[in-house]
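Examining the three-dimensional arrangement
Chain by chain, the residues:
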Amino acid sequence: MLEKDIEKILVTNEEIVAISKRLGKQITEDYRDKNPVIIGLLKGCLPFMAELIKHIDIYCQIELMGVQSYHGGTESSGNVKITKDLDVSIENRHVLIAEDIVDTGKTINVVKNLLKYRGALSVEVVTLLDKPSGRTEDFTPKYIGTTIPKEFVVGFGLDYDEFYRNLPYIGVLKPEVYNN
Ligand code: PRP
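Computed from a predicted model, the values in this text were never measured in an experiment.

1. Side note on the overall build of the protein
- Summing up its helical and strand segments, the protein has four helices and nine strands in all.
- Tracing the protein from N to C terminus, the helices and strands come up as β-α-β-α-β-β-β-α-β-β-β-β-α.
- Its C-alpha atoms give the protein a radius of gyration of 16 Å, within 12% of the compact-globule value 16 Å for 180 residues.
- For the protein, buried positions account for 48% of its 180 residues.
- Here the analysis covers contacts within the protein between residues at least 6 apart in sequence; of these, 66% occur between residues at least 24 apart.
- About 9200 Å² of surface is accessible on the protein, with carbon and sulfur atoms providing 49% of the total.
- Within the protein, one finds 22 positive and 27 negative side-chain charges whose respective centroids are separated by 2 Å.

Here's what the structure looks like:
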């Protein structure tokens, strides 16, 4: 049903699984004995975080934080709002933030600074998608799944007006979907 709204697929489900395996292996090596807290930024992080953690083989904890910046459109609003805060302290902990996409970099900069202020030992970012063409902040994620061009994408957690998050791949919407 949703597929009829998709113009093209940019990253297939098979590619996302392969990406998650590669990143999970690297994170496993880098965080051995560090007992990190992996913090997913809701809601977009959910499918990618669920896939990624299957491939991380170390003692780690999973937490979630609600953060919003798009508010329904296709462009980042620039206002980053915390809609659900952490339930745990991250003082003296190694933190790995899990994201679906880094676009302008505003969301990640706000969260990174907040977690550092709260006393995290280290704060790194793993993102399924990196869109460097959208960047307005000086930021490069440590772990990048794949780099995408300047296009608005949906699926695998990413939404347009809260829909399409449940697509099993990353795709580009047909232009008429925005114009309706
Ligand atoms: C999206 C995405 C990132 C952020 C990236 O979240 O999940 O968190 O925007 O954009 P930026 O680099 O320009 O800040 P959104 O605010 O749409 O909330 P969602 O995860 O609930 O979809």
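Back to the text.
2. Quick look at the sheet that holds strand β5 (residues 94–102)
- Pairing is mixed in the open sheet, where six strands are placed in the order β4-β3-β2-β5-β6-β7. Both outer strands of the open sheet, β4 (81–84) and β7 (143–147), are each paired with one neighbouring strand and no more. Along the sheet, successive strands turn relative to each other by an average axial angle of 30°, direction set aside.
- Summarising the sheet, strand β3 (residues 61–68) and β4 pair through three bridges and their orientation is antiparallel. Looking at the pairing, Gly-66 lines up with Lys-84 of β4.

3. Details of the environment of Lys-4
- Following the sequence through the fold, Lys-4 ends up in the segment before β1 (6–11).
- Since its relative accessible area comes to 54%, Lys-4 is described here as exposed.
- Engagement of the side chain of Lys-4 in a polar contact is seen with the side chain of Asp-5, the distance being 3.4 Å.

4. Some thoughts on the site of the ligand
- The full set close to the ligand counts 19 residues, and Ser-69, Glu-99, Asp-100, Thr-104 and Thr-107 are the nearest of them.
- Side-chain polar atom of Thr-104 to an oxygen atom of the ligand: 2.5 Å apart, as the coordinates give it.
- Between the ligand and the protein, one listed contact pairs an oxygen atom with a side-chain N or O atom of Asp-159 at 3.2 Å.
- Contact with the protein chains removes 97% of the 490 Å² of surface that the ligand exposes when unbound.
- For the shell around the ligand, the elements supplying multiple residues, two or more each, are β3, β5 and α3 (106–117).
- Residue contributions to the shell around the ligand peak at four residues, all from β5.

5. With respect to the packing of helix α1 (residues 13–30) against helix α2 (residues 46–53)
- Their axes nearest at 8 Å, the elements α1 and α2 cross at an angle of 60°. For the element pair α1 / α2, the angle class is oblique. Crossing handedness for the pair α1 and α2: right-handed. Within the contact between the two elements, α1 uses Val-17, Ser-20, Leu-23, Gly-24 and Ile-27 and α2 uses Phe-48, Glu-51 and Leu-52.
- Tallied by class, residues from the contact of α1 with α2 come to five nonpolar, two polar and one charged.

How each quantity is defined
- Each residue is numbered by its place in its chain's sequence as written, counting from 1.
- Selection of residues for local features in this predicted model requires a pLDDT of at least 70, selection of side-chain atom pairs for listing and counting requires 80 or more, and totals for whole chains, interfaces and linings are taken over all residues.
- Neither water nor hydrogens contribute to the side-chain values; these are computed over all heavy atoms in the structure.
- Helix and strand definitions follow DSSP, with helices as H or I runs of at least four residues and strands as E runs of at least two, each counted in order from the N terminus.
- As a reference, a globule follows 2.2 Å times the number of residues to the power 0.38, and the radius of gyration itself is taken over C-alpha atoms.
- Between buried and exposed lies partly exposed: a residue is buried under 20% and exposed over 50% of the maximum accessible area for its type, with that area taken using a 1.4 Å probe on protein chains only.
- Contact between two residues is taken to exist if any of their heavy atoms lie within 4.5 Å; hydrogens are not considered.
- Here, Shrake-Rupley sampling with a 1.4 Å probe gives the accessible areas, and only protein chains in the shown set may cover a residue.
- By the counting scheme adopted, Arg and Lys are positive, Glu and Asp are negative, and His together with the chain ends is not counted.
- The location of each charge is read from NZ of Lys, CZ of Arg, CG of Asp or CD of Glu.
- Strands pair, by our definition, only if DSSP identifies at least two bridges between them.
- Note on method: axes are straight lines fitted to C-alpha atoms, helices fitted across the in-contact stretch only, with angles between N-to-C directions ranging 0 to 180 degrees.
- Pairing of N or O atoms within 3.5 Å defines a polar contact, subject to two protein rules: one partner must be a possible hydrogen donor and the other a possible acceptor, and residues neighboring in sequence count only if both atoms are side-chain atoms.
- If even one non-hydrogen atom of a residue comes within 4 Å of a molecule or strand, that residue is called near it.
- An angle below 35 degrees is read as roughly parallel, one above 145 as roughly antiparallel, one from 65 to 115 as roughly perpendicular, and any other as oblique.
- Handedness of a helix crossing follows the sense of rotation of the near helix relative to the far helix, less than a right angle counterclockwise being left-handed and clockwise being right-handed.
- Think of it as three bins: nonpolar holds Ala, Val, Leu, Ile, Met, Phe, Trp, Tyr, Cys and Pro, charged holds Asp, Glu, Lys and Arg, and polar takes everything else, Gly as well.

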